[in-house]
Amino acid sequence: GLTVEGNSPDVQAALYSWLSLPYGVSVYTGVRWVNDLPTQNVPSYWAVDLNLQWQITAGLEASARIENVNDASHLEFGEGREIERGYLLGLEWTF
């Protein structure tokens, strides 16, 4: 039959922070911890994300983001699929 217990973490914790700085710059940090998934052989893990944004003008914003700063990769699901560190650059123009 279908086993549900152990497929979802029984404990999770997260802390997110947003800081507005001068000159239209802001910094976001997110830290989360997820308990293990025993039926999928996934150990518990920490994940840290960082984001830097700059509001250049009223309609133009640049951003740089790093996901999974603290680890090159970690398992989040079974079957050996790992979530790797990610780097994203963004430029948003609104009018």
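The following refers to the structure shown.

What counts as what
- Residues numbered from 1 in each chain as written.
- Predicted model: local features only at pLDDT ≥ 70, side-chain atom pairs only at ≥ 80, totals over all residues.
- Heavy atoms only, no water.
- Helix = DSSP H or I, 4+ residues; strand = E, 2+ residues; numbered from the N terminus.
- Salt bridge = Lys/Arg side-chain N within 4 Å of Asp/Glu carboxyl O.
- Buried < 20%, exposed > 50% of the residue type's maximum accessible area, 1.4 Å probe, protein only.
- Contact = heavy atoms within 4.5 Å.
- Pairing = 2+ DSSP bridges.
- Polar contact = N/O pair within 3.5 Å; in protein donor to acceptor, adjacent residues only side chain to side chain.
- Axes fitted to C-alpha atoms, helices over the stretch in contact; angles between N-to-C directions.

Overview of unusual backbone geometry
Then comes step 1: Notably, asparagine 41 is not glycine yet its phi reads approximately 55 degrees, a positive angle.
Then comes step 2: Relative to the assigned elements, asparagine 41 resides in the loop between β2 (25-34) and β3 (45-57).
Then comes step 3: Within the chain, asparagine 68 stands out as a residue other than glycine whose phi angle is a positive 65 degrees.
Then comes step 4: Of note, asparagine 68 is situated in the loop between β4 (60-67) and β5 (73-75).

Digging into the pattern of salt bridges
Then comes step 1: Considering all chains together, one arrives at three salt bridges under this definition.
Then comes step 2: The residue glutamate 76 makes a salt bridge to arginine 32 at a minimum N-O spacing of 3.2 Å. Of this pair, glutamate 76 sits in the loop between β5 and β6 (82-84) while arginine 32 sits in strand β2, placing them 44 residues apart in sequence.
Then comes step 3: Accessibility expressed as a relative area gives 15% for glutamate 76, which makes it buried.
Then comes step 4: Here arginine 32 falls in the partly exposed class, since its relative accessible area comes to 26%.
Then comes step 5: The salt bridge involving aspartate 49 is made with arginine 65; its shortest N-O contact spans 3.6 Å. One end of the pair, aspartate 49, is in strand β3; the other, arginine 65, is in strand β4, and 16 residues separate them in sequence.
Then comes step 6: You can call aspartate 49 buried: its relative accessible area is 13%.

With respect to the environment of glutamine 53
Then comes step 1: By the secondary structure assignment, glutamine 53 is in strand β3.
Then comes step 2: Leaving out residues up to four positions away in the same chain, glutamine 53 has contacts with Trp18, Gly24, Val25, Ser26, Glu61, Ala62 and Ser63.

What to know about the pairing of strand β1 (residues 12-20)
Then comes step 1: The pairing of β1 with β2 spans nine bridges and is classified as antiparallel. From the neighbouring strand, tryptophan 18 faces β2, where its bridge partner is tyrosine 28.
Then comes step 2: Counting the residues that bridge the hairpin from β1 to β2 gives four residues, and of these tyrosine 23 lies at a positive phi of roughly 65 degrees.

What to know about the side chain of histidine 74
Then comes step 1: Positionally, histidine 74 belongs in strand β5.
Then comes step 2: Here asparagine 68 takes part through its side chain, which lies 3.1 Å from a polar atom of the side chain of histidine 74.
Then comes step 3: There is a polar contact of 3.0 Å between the side chain of histidine 74 and the side chain of glutamate 76.
Then comes step 4: Those residues within four positions of histidine 74 in sequence are excluded, and the remaining contacts are Tyr45, Ala47, Asn68, Glu82 and Ile83.

Quick word on the sheet that holds β2
Then comes step 1: As summarised here, the arrangement of the five strands in space is β1-β2-β3-β4-β7, forming an open sheet in which the pairing is antiparallel. The two strands at the open ends of the sheet, each matched to only one other strand, are β1 and β7 (86-93). The average undirected angle you get between the axes of adjacent strands in this sheet is 10 degrees.
Then comes step 2: In this sheet, β4 lies alongside β3 in antiparallel orientation, the contact comprising seven bridges. Note on β4: the bridge partner recorded for asparagine 51 is arginine 65.

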